Each structure stands twice: as C-alpha cells, then as structure tokens.
Protein chains: 2
Amino acid sequence: MDHSETPLKDLTIDNITDNVNAINSECDDPRMKFLFERLVTHLHDFARETRLSTSEWESAIRFLTQVGQICSDVRQEFILLSDVLGLSLLVDSIDHPKPPASTEGTVLGPFHTHDAKHLDNGALISHDPDGQPMLVVCSVKDTSGRPIPGVKVDVWETDSKGFYDVQHAGRTDPDGRAVVESDEAGLFYFKAIVPVPYPIPSDGPVGKLLKKLHRHPFRPSHFHFMFDKPGYDRLIT
Amino acid sequence: MDHSETPLKDLTIDNITDNVNAINSECDDPRMKFLFERLVTHLHDFARETRLSTSEWESAIRFLTQVGQICSDVRQEFILLSDVLGLSLLVDSIDHPKPPASTEGTVLGPFHTHDAKHLDNGALISHDPDGQPMLVVCSVKDTSGRPIPGVKVDVWETDSKGFYDVQHAGRTDPDGRAVVESDEAGLFYFKAIVPVPYPIPSDGPVGKLLKKLHRHPFRPSHFHFMFDKPGYDRLIT
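Worth saying up front: this structure is predicted, and the values here are computed from it rather than measured. (Residues numbered from 1 in each chain as written. Chains lettered and ligands numbered in written order. Predicted model: local features only at pLDDT ≥ 70, side-chain atom pairs only at ≥ 80, totals over all residues. Heavy atoms only, no water.)

### Comments concerning helix 1 (residues 16-24) of chain B
1) Next: Of all nine residues making up helix 1 of chain B, seven are buried, and the element is well covered by its neighbours.
2) Next: Every buried residue belonging to helix 1 of chain B is among Ile16(B), Thr17(B), Asn19(B), Val20(B), Asn21(B), Ala22(B) and Asn24(B), and all of these are buried.
3) Next: Those residues of helix 1 of chain B hidden inside the fold are in contact with helix 4 (77-84) and helix 5 (87-95) of chain A together with helix 2 (30-50) of chain B. (Buried < 20%, exposed > 50% of the residue type's maximum accessible area, 1.4 Å probe, protein only. Helix = DSSP H or I, 4+ residues; strand = E, 2+ residues; numbered from the N terminus. Contact = heavy atoms within 4.5 Å.)

Shown next, in the form of structure tokens:
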C-alpha cells in the first residue's frame with residue numbers, strides 16, 4: 001500500500017484528523033469511505049471542542065464496554081443507548097421521510113408480533129381484568145384529509161402493569177393486540193384498556209446514565225399502531 | 001420533573017437534536033451536560049450529513065456490540081477501536097499539550113512494566129539470540145537544545161518475533177526492557193535488537209474493520225521510551 005502522499009510524521013492536535021482520513025482513503029467502498037471520513041471528523045471535532053480528558057475518555061471506554069457486555073439474545077443495550085441519544089428516531093426520520101400533513105413515524109419496537117387476531121371493529125382486544133376499560137375510535141385519512149377505507153391496522157399495548165403479553169412466561173394466546181380494518185368512512189374502533197407508562201430496562205449502564213442525566217426511564221403511556229394498505233407507504237406510529 | 005419548557009410533540013429531523021439536548025439539560029453536572037450536548041449534536045449532525053440509513057445504523061449497532069463482547073480482562077477492543085480512529089492519540093495530545101520544539105508524546109500502551117532493571121549506559125537490554133544486534137545512542141535536550149543529565153529513561157521493545165516479554169507464558173526475568181540514565185552530556189545508550197513491526201490484535205471486529213478499510217494491522221517497528229526527571233514533565237514516546 002502506498003501512503004507516499006501522506007507521510008505526516010509529527011502528528012499534532014491539528015493534523016491528526018487529516019492523517020486518519022488519508023489512511024482510511026484506501027477504502028474501495030465509496031460509501032464506507034465517506035461514512036468514516038465524516039465519523040472521524042466529527043469524533044475528533046467533538047474531542048477538540050470539549051478538550052476531552054484522558055479520564056473522561058477512559059470512562060467512555062468503560063461505559064461502552066459495559067453496554068456491549070450486557071447485550072444478549074433478548075437484550076440490546078446499544079439500541080437502548082441509541083434511543084436515549086435520539087439517534088434511532090433520527091435515522092428512522094431520515095430513512096422514511098414523511099410528506100407534510102402526515103403523521104410522523106417511529107421505530108417498530110421489539111414487542112410487535114405477527115400472531116395478532118383479525119377482529120371486527122368494536123371488538124375487545126385486551127382481557128386484563130385490572131385494566132381501566134377504554135373505547136378507542138380513530139380515523140385514517142390521506143394528506144388531503146380524505147378518509148381511507150380498507151386499511152389493516154395492527155394495534156398493540158401493554159397490560160395494566162406495563163408488560164406486553166410476550167413478556168409473560170407461559171403466554172398462550174395473544175392479548176392486548178389485534179388487527180382491525182378501517183371502514184368506508186376511514187374509521188376503526190376497538191375496546192381496550194387505558195395505556196399505562198412503563199420504563200425502558202434501567203438496570204444496566206444506560207439506566208445508570210439516565211440517572212446521571214437526571215432523566216427518568218418511563219415512556220409515556222401509548223398504543224402502537226401499524227397501518228398497511230396496498231399502494232400506500234406503511235406507517236408505524 | 002418539569003419539562004414544561006420543552007414539549008416538542010411532533011419530532012422532526014430538524015428539531016430532534018434540540019429536544020434531546022433540552023431533556024439532557026436537567027443534568028446537574030455542568031461538565032457532563034456540556035459533553036452530552038456536544039456529543040448529541042455531533043452524532044445527529046453526522047447522521048443528517050450522511051443520510052445514515054437504517055441498515056447502516058443496524059451494522060453499527062452489531063459492530064459495537066461485538067466490540068464490547070470480545071473485551072476481557074486481557075483484551076480491550078474499544079481502546080483498539082479508539083486507537084484505529086486516531087482518538088486515543090488526539091485525547092493524549094489534548095490532555096498533555098507540548099510546547100514547540102519538543103517531542104510529541106504518545107499513550108503508555110499496555111506492555112510497560114515496573115520491574116525493568118536499572119542498567120548502566122552501554123548495557124545489553126535484549127537477550128533474544130535471533131534478534132539483529134543494534135547500538136542505540138540518544139540524547140535528551142530541553143526545548144532550547146541544552147542537554148539534560150540525570151534523566152531516568154525507561155525503554156522497552158519486543159523480541160525478534162514481535163512479542164513483549166510479558167506476552168510469553170512462564171516469563172521470569174524482564175527482557176527487552178531496562179531503565180538507563182542520561183549522562184552529563186545528556187547522552188544515554190544501550191545495546192538492543194533492531195525493532196520489528198508487529199500487528200495489533202486483528203482477529204476481532206476491529207481487525208475486520210481494518211480489512212474493509214484496506215488498512216493493515218502492523219505498527220511500524222519502534223522502541224518505547226519514558227523520560228522522567230524531577231522538575232520536568234514526564235514524556236512517553
């Protein structure tokens with residue numbers, strides 16, 4: 001490999017970024033080369049701007065190592081970190097841009113399943129006896145405000161304790177979820193329970209980080225919706 | 001917690017950074033608050049500038065998880081990644097700034113030990129029979145070019161195969177390392193072997209990354225030096 005163009009011998013605070021980018025410029029994947037050029041530049045700018053100290057750098061190394069080490073088949077702490085830093089939602093917005101007057105999307109989340117029953121409008125979707133009953137009536141409209149009939153709507157929510165059915169050992173039938181369809185007026189409706197706030201996993205390094213930032217781990221109470229109709233973009237919100 | 005100042009409901013590509021920074025502004029450690037404000041801003045700017053895709057984001061999550069999971073008591077893959085991205089050296093330059101006309105420092109590295117023998121100038125420091133013999137003569141000068149006597153110089157190098165003594169199971173006495181002292185003329189000298197290039201650990205995720213970037217894992221052949229004298233800043237190079 002010929003680095004004859006880039007023999008920067010005495011690395012300094014000011015030339016190290018160019019030097020790393022020059023070394024990485026041998027990469028023959030132009031997209032990867034671009035991503036690393038921007039990554040190194042931002043990372044170095046961050047360190048220079050903040051005068052990042054060795055002990056802060058050591059804390060970061062320790063933190064990232066712990067984040068990786070708590071990850072398992074059923075837990076993805078790096079995604080949690082990405083969520084907490086607002087990166088997940090930003091990437092989703094960039095990758096699935098929405099026209100004006102449309103509902104912003106969000107990421108699918110880990111608790112969607114493909115076994116929800118198809119129910120008629122008005123059906124009961126949650127059977128938790130401790131939940132507070134609620135009738136949910138919604139309408140699906142296009143960006144000009146015209147109702148859209150025949151939209152399949154996947155909806156899911158937690159039980160009254162903040163747990164999805166799949167989080168219970170010994171789950172047999174799906175509960176707290178269903179697929180309904182919008183009628184001729186673009187309306188769909190179902191009986192459910194009032195959603196409750198529930199926390200993201202907070203016993204790991206990201207949970208400790210939230211505490212240091214004086215942030216709480218609770219998500220606002222919410223339903224998940226996924227809208228599907230042939231010829232339309234899928235919306236998850 | 002009162003977020004009444006920051007109820008940004010419809011998150012968009014353009015307002016999400018301000019929103020995350022507003023949530024993090026509850027942090028009562030001003031340094032941490034500043035670091036996160038700059039971190040989130042750079043991270044989001046990076047994603048926006050590169051139009052980072054969901055699949056690229058997923059690759060990054062997978063990569064960082066693998067980096068964390070290969071870390072152990074004797075291997076720190078996140079430090080390796082930081083080295084490869086030029087961040088380690090940059091942070092060292094920021095934290096240990098050097099006046100003009102002085103030798104740039106570097107990080108200590110993992111193979112320094114505290115048991116090197118104090119030897120007289122001219123002594124043999126490496127006993128590897130396969131190494132190519134070499135006489136090393138150096139001088140220590142201040143930034144005005146005046147010799148500095150009485151500087152303790154910790155020096156260490158690999159054997160002819162590229163391994164430090166501590167990397168050999170059953171190591172008894174230190175080899176390839178010594179502490180010498182500069183004489184009245186600021187000179188120190190010792191007999192050693194010609195250093196060989198050796199690779200950083202390349203069987204993990206960072207090794208695979210280097211391959212994709214068309215970079216090789218070899219460090220140039222080198223000696224490590226650590227200079228110490230009361231009243232002077234320590235220099236590792």
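### Let's talk about the interface of chain A and chain B
1) Next: Listed as interface residues are 63 residues of chain A and, on the opposing side, 63 residues of chain B.
2) Next: Summing the contributions of chain A and of chain B, the shared interface buries around 6200 Å²; its carbon and sulfur component is 69%.
3) Next: Ranking the residues of chain A by area buried against chain B places Trp57(A), Leu85(A) and Ile94(A) at the top, with a combined share of 10%.
4) Next: Glu49(B) is the partner of Arg38(A) in a salt bridge, and the nearest nitrogen-oxygen pair spans 2.7 Å.
5) Next: Applying the counting criterion to the chain A and chain B interface returns 26 residue pairs in polar contact (both at pLDDT 80 or more).
6) Next: Taken together, the elements giving at least two residues each to the side of chain A that touches chain B come down to helix 1 (16-24), helix 2 (30-50), helix 3 (54-70), helix 4, helix 5 and helix 6 (205-212) of chain A.
7) Next: Considering each element in turn, the side of chain A that touches chain B owes the most residues, 17 residues, to helix 2 of chain A. (Buried area = accessible area lost by both parts, 1.4 Å probe. Salt bridge = Lys/Arg side-chain N within 4 Å of Asp/Glu carboxyl O. Polar contact = N/O pair within 3.5 Å; in protein donor to acceptor, adjacent residues only side chain to side chain.)

### Digging into unusual backbone geometry
Residues other than glycine predominantly adopt negative phi, and peptide bonds predominantly adopt the trans conformation.
All names here are of chain A.
1) Next: Even without glycine at this site, arginine 51 takes up a positive phi of about 50 degrees.
2) Next: Mapped onto the elements, arginine 51 comes out in the loop between helix 2 and helix 3.
3) Next: Taking the relative accessible area as the measure of exposure, arginine 51 reaches 45% and is therefore partly exposed.
4) Next: Positive phi, close to 70 degrees, is recorded for alanine 101, a residue that is not glycine.

### Concerning the environment of Phe111(A)
Residues and elements named next belong to chain A.
1) Next: Residue placement: phenylalanine 111 occurs in the loop between helix 5 and strand 1 (133-139).
2) Next: Classification of phenylalanine 111 by relative accessible area gives partly exposed; the value is 22%.
3) Next: Linking phenylalanine 111 and threonine 158, residues 47 residues apart in sequence, is a C-alpha distance of 9.4 Å.
4) Next: Not counting the four nearest positions on each side in its chain, phenylalanine 111 is found in contact with Trp156, Tyr164, Val166, Gln167 and Arg177.

### Details of the packing of helix 3 of chain A against helix 3 (residues 54-70) of chain B
1) Next: Running from amino to carboxyl end, helix 3 of chain A crosses helix 3 of chain B at an angle of 95 degrees, the nearest separation of the two axes being 7 Å. As the angle between them shows, helix 3 of chain A and helix 3 of chain B are arranged roughly perpendicular. Only Thr65(B), Gly68(B) and Gln69(B) of helix 3 of chain B make contact with helix 3 of chain A, whose side of the interface consists of Thr65(A), Gly68(A) and Gln69(A).
2) Next: Counted by class, the contact of helix 3 of chain A with helix 3 of chain B contains no nonpolar, six polar and no charged residues. (Axes fitted to C-alpha atoms, helices over the stretch in contact; angles between N-to-C directions. Parallel < 35°, antiparallel > 145°, perpendicular 65-115°, else oblique. Nonpolar A, V, L, I, M, F, W, Y, C, P; charged D, E, K, R; others polar.)

### A look at the relation of the copies chain A and chain B
1) Next: Here chain A sits on chain B after a turn of 180 degrees about the axis and a move of 0.0 Å along it, with an RMSD of 0.1 Å. Such a combination of rotation and displacement between the chain copies is what one expects of a two-fold axis. Distance from the rotation axis, computed per C-alpha, reaches its smallest value in chain A at Gly68(A): 2.0 Å. (Least-squares fit on C-alpha atoms with pLDDT ≥ 70 in both.)

### Some details on the sheet that holds strand 7 (residues 224-228) of chain A
Strands in a sheet are paired, the pairing made by backbone hydrogen bonds, and the direction either parallel or antiparallel.
Residues and elements named next belong to chain A.
1) Next: Taken in spatial order, the four strands line up as 3-2-7-8 in an open sheet, and their pairing is antiparallel. Whereas interior strands pair on both sides, the edge strands pair on one side only; in this sheet they are strand 3 (177-181) and strand 8 (235-236).
2) Next: Relative to strand 7, strand 2 (residues 152-156) is paired through five bridges, and the arrangement is antiparallel. The residue of strand 7 that forms the bridge with valine 155 is phenylalanine 225. (Pairing = 2+ DSSP bridges.)

### Remarks on the sheet that holds strand 7 (residues 224-228) of chain B
All names here are of chain B.
1) Next: Ordered in space as 3-2-7-8, the four strands form an open sheet in which the pairing is antiparallel. Single-partner strands in this sheet number two, and they are strand 3 (177-181) and strand 8 (235-236).
2) Next: Sheet topology places strand 7 next to strand 8; two bridges connect them, and they run antiparallel. Across the sheet, phenylalanine 227 pairs through a bridge with leucine 235, a residue of strand 8.

### What about the domain arrangement of chain A?
1) Next: Under the domain assignment, chain A is made up of domain 1 (1-52) and domain 2 (99-199 + 215-236).
2) Next: Spacing between the C-alpha centres of domain 1 of chain A and domain 2 of chain A amounts to 46 Å. (Domains from an automatic or database assignment.)

### Brief notes about the packing of aromatic side chains
Aromatic ring pairs are reported here in terms of the distance separating the ring centres and the angle at which the planes meet.
All names here are of chain A.
1) Next: Throughout the structure, instances matching the rule amount to 17 aromatic pairs over all chains.
2) Next: Here the aromatic rings of tyrosine 164 and tyrosine 198 are separated by 5.6 Å at their centres, their planes lie at 85 degrees, and the arrangement is edge-to-face. Highlighted residues: tyrosine 164 in the loop between strand 2 and strand 3 and tyrosine 198 in strand 5 (residues 198-199), separated in sequence by 34 residues. The pair tyrosine 164 / tyrosine 198 is uniform in exposure class, with both members buried. (Phe/Tyr/Trp six-rings, centres within 6.5 Å; stacked < 30°, edge-to-face > 60°.)

### Describing the environment of Thr54(A)
1) Next: Residue position: Thr54(A) is located in helix 3.
2) Next: For Thr54(A), a relative accessible area of 21% translates into the label partly exposed.

### A short note on the UniProt feature "domain: Catechol dioxygenase N-terminal" (unreviewed entry) in chain A
1) Next: In the numbering used here, UniProt assigns the "domain: Catechol dioxygenase N-terminal" (unreviewed entry) feature to residues 29-101 of chain A.
2) Next: Within the segment residues 29-101 of chain A, helix and strand shares are 75% and 0% respectively, and the terminal C-alpha atoms sit 38 Å apart. (UniProt positions renumbered as here; feature names shortened; annotations may be inferred.)

### Overview of the UniProt feature "domain: Intradiol ring-cleavage dioxygenases" (unreviewed entry) in chain A
1) Next: Per the UniProt entry, the sites bearing "domain: Intradiol ring-cleavage dioxygenases" (unreviewed entry) are residues 109-237 of chain A in this numbering.
2) Next: With 6% helix and 27% strand, residues 109-237 of chain A has its two end C-alpha atoms placed 10 Å apart.

### Considering the side chain of His222(A)
All names here are of chain A.
1) Next: Mapping histidine 222 onto the fold places it in the loop between strand 6 (218-219) and strand 7.
2) Next: The class of histidine 222 is buried, set by a relative accessible area of 17%.
3) Next: Within polar-contact distance, the side chain of histidine 222 engages the side chain of tyrosine 198 at 3.1 Å.
4) Next: Here histidine 224 takes part through its side chain, which lies 3.1 Å from a polar atom of the side chain of histidine 222.
5) Next: For histidine 222, the contacting residues outside a window of four places in its chain are Glu157, Tyr164, Pro195 and Tyr198.

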